[in-house]
Amino acid sequence: MAPAVIAALSVAACSPTSDDDPSGEVPITSSPSSTTASAVPDATVAPPPSPDQAQPDQWPRLAEASPASVPGLGLHTVTDWEDRIYLSAPQLEDHPVFNENLRRWADERVEEHRQMLADRGEVAGRPSLSGRLTIIGASEEVIGFGLETLVNDGQEAHRSRETAWFDPREEKVLSWADLIAAEHREGLTEAVLSRLEEPLTGFDPDAAQELLEQGAALLGFTESGELLVGFEEGAVAPSYQGAPAVTFPQAHDDGWLTDLGQAAREATLVPLVGQVPTLEPTPSPTSTSEPEPTPTPTSEPQPTPEPTSEPSPTPSPTSEPDPTPDPVPSPSSGERGTWVVSAAAGANIRTGPGTDYPVVGGAAEGTTITGTMSRGWVYLDDGTGWISGATLTDPQSPTSTPDPEPTAPPGQGVNCAVDDCVALTFDDGPEPGPTERVLNTLAAYSVPATFFVIGSNVNTYPDLAARITAEGHQIGNHTMTHPSLPGLEQAAIRDELADANAAISAATGIQPWAMRPPYGATNATVRSIAADRGLTQVLWDVDTRDWEHKNPATTLATVQSQTTSGAIILMHDVHPTTADAVPAVIEWLHGQGYVLVTIDQLFATP
């Protein structure tokens, strides 16, 4: 497939509107023709594969850092289960210009995908669109994002990679003109064209030059700090040769980088953000309404809400998170102690005891902290904020033993060969807001459940994933980026499952055995590859289609009409309306005498 060239966000995204540029777009920068090319630093390239032995990953790759290195990082996700679309874009707290541009980037990619499908007409396979976010550099001066989309047109899959660099202090999305010194841009263009012409078969230098002059090429740094300039698959040469890239080991010593370019390189070599700065301080939001109470189980089932004859109007595919709560003062009571951060991804420090509170810092794995345990969170003695107890080990030098976090019952004594068992399962999380509300409800009713999580979401919200397992629930693999697996090459399927397991293990210390393929799309190849990785495929019996109607009464009515003993119920913990439905679903199932269990318990042999 020869995809349309996609302009890199680092140029096409908006910065604050200026009088000189009323559109608000970052101007495309090209070198003046009179600029004299400077000496070219040594560059390295890799030989291309042959068409029958393509190895797209052989080219130099951008460095990657943990999303946990960017406090306040969130996701804007566009979803359409019917058309198999799941695409996320990064969001930063208190940076509306950046957030709006990244939302627009995601919306444009979805529209391009839909248009491509309309132009192609009917195809044999099922098209899909998914994506992956990576952090390619992080500091208080500059943050770099890798934006990868995986497009399956029903016949073949194609990866598109883009980069975006952002200056949070100036609220500015950076173009390559901000990172590469003006006197070296023409020389850089000539060097890239020269280095790629020989190793690439069918190289199109005109296309490459146009992308470079537009600033639409990949721009970043390798793990060793070498400047990397590259292109997406199929943009400048046949796609079987992968995503070609050139590295310049001495660019930083030869004056090719601006001060911001040097800052971007340092942010790659030592990715660390204490707190993402903002253009102007933003006051904490206030609210006059009382917080929503946690549902309290009753001895008698609550009246079942009647399903409506007409579903509610379908809102936008993405849900807005609940308003960010105000910072919480230090606890007035609780148990003091000393703990060690045990999560491999480290622990976020937040303004309050919950993942819906803003991130103000972080603590690396192995860090010893002291504080007061309250509500399953530790308030630090230095007053900087709260850390989730789910990311900590047992106290090393406790002054007293802290109360354990409330956990769902492990289910000892459950025998699903005798009991009428039903398993509640939730897909596509974790997501602050809806996932937390679902967990609160499950804890209130002492009900365990199984969460099939997306690896990229786990990387973004590791403490929320840790809370799932800390409270006694089972966690399962729902792939790294939520693609339709049957349309992928075998290596890509393996990567999706392996990367998701790695993300889950880093956040929770658990290697899941259960895997649910996105959209339930599977075949013998998917099942075989999953089995080779020790994963068992788990589908469902009751599909509430909560993603489609977003109506709590309809979700309940579906459960009521389709549930039998041994059923696996599918819901999605990324919709507020699903969180709304869970209390009534549990009440009804309990009223019918069902025992609610995890997938582990449902499949266990007595």
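Here the structure is a predicted model, which means the values were calculated and not measured.

## Here's the deal with helix α5 (residues 205-214)
Right, on to step 1. Turning to α5, its buried residues number three or more, namely Ala207, Ala208, Leu211 and Leu212. Across the axial projection of α5, the buried residues extend over an arc of 130°, all falling on one side.
Right, on to step 2. Next to the buried residues of α5 lie α3 (176-179), α4 (182-197) and β8 (227-230).
Right, on to step 3. At the N-terminal boundary of α5, the capping side chain belongs to aspartate 204, with an oxygen 3.2 Å from the backbone nitrogen of aspartate 206.

## Details of the sheet that holds strand β5 (residues 157-167)
Right, on to step 1. Pairing within the open sheet is mixed, and its 6 strands lie in the order β1-β2-β3-β4-β5-β6. Of all strands in the sheet, those bounded by a partner on one side alone are β1 (73-80) and β6 (172-174). Adjacent strand axes in the sheet meet at a mean angle of 25°, parallel and antiparallel pairs treated alike.
Right, on to step 2. The sheet contact formed by strand β3 (residues 128-138) and strand β4 (residues 143-152) spans 10 bridges and is antiparallel. Of the residues in β4, the one forming a bridge with alanine 138 is isoleucine 143.

## Brief notes about the pairing of β3
Right, on to step 1. Along β3, 10 of the 11 residues are buried, which leaves the element largely enclosed by surrounding structure.
Right, on to step 2. The pairing of strand β2 (residues 85-92) with β3 spans 2 bridges and is classified as parallel. Within the sheet, the bridge partner assigned to isoleucine 85 lies in β3 and is leucine 129.
Right, on to step 3. The parallel pair β2 and β3, bridged by helix α2 (residues 96-120), forms a crossover whose chirality is left-handed.

## Side note on α4
Right, on to step 1. Here α4 contains 16 residues, and its C-alpha end-to-end distance of 24 Å stays within 8% of the 22 Å for a straight helix at 1.5 Å per residue.
Right, on to step 2. For α4, the secondary structure elements touched by its buried residues are α3, α5, β8 and β9 (245-248).

## What to know about the pattern of salt bridges
Right, on to step 1. Per the counting criterion, the structure on display carries 19 salt bridges.
Right, on to step 2. Note that lysine 172 is salt-bridged to aspartate 178, the shortest N-O span being 3.1 Å.
Right, on to step 3. Its relative accessible area of 31% is what places lysine 172 among the partly exposed residues.
Right, on to step 4. With its nearest N and O atoms 2.6 Å apart, the salt bridge here joins glutamate 471 to arginine 467. The pair glutamate 471 / arginine 467 is uniform in exposure class, with both members buried.

Definitions and cut-offs
- Residues numbered from 1 in each chain as written.
- Predicted model: local features only at pLDDT ≥ 70, side-chain atom pairs only at ≥ 80, totals over all residues.
- Heavy atoms only, no water.
- Buried < 20%, exposed > 50% of the residue type's maximum accessible area, 1.4 Å probe, protein only.
- Helix = DSSP H or I, 4+ residues; strand = E, 2+ residues; numbered from the N terminus.
- Arc of directions from axis to C-beta.
- Contact = heavy atoms within 4.5 Å.
- Polar contact = N/O pair within 3.5 Å; in protein donor to acceptor, adjacent residues only side chain to side chain.
- Pairing = 2+ DSSP bridges.
- Axes fitted to C-alpha atoms, helices over the stretch in contact; angles between N-to-C directions.
- Right-handed = clockwise from strand over helix to strand, strands pointing away.
- Expected span 1.5 Å × (residues − 1).
- Salt bridge = Lys/Arg side-chain N within 4 Å of Asp/Glu carboxyl O.

Shape is all these values report; function is a separate question.
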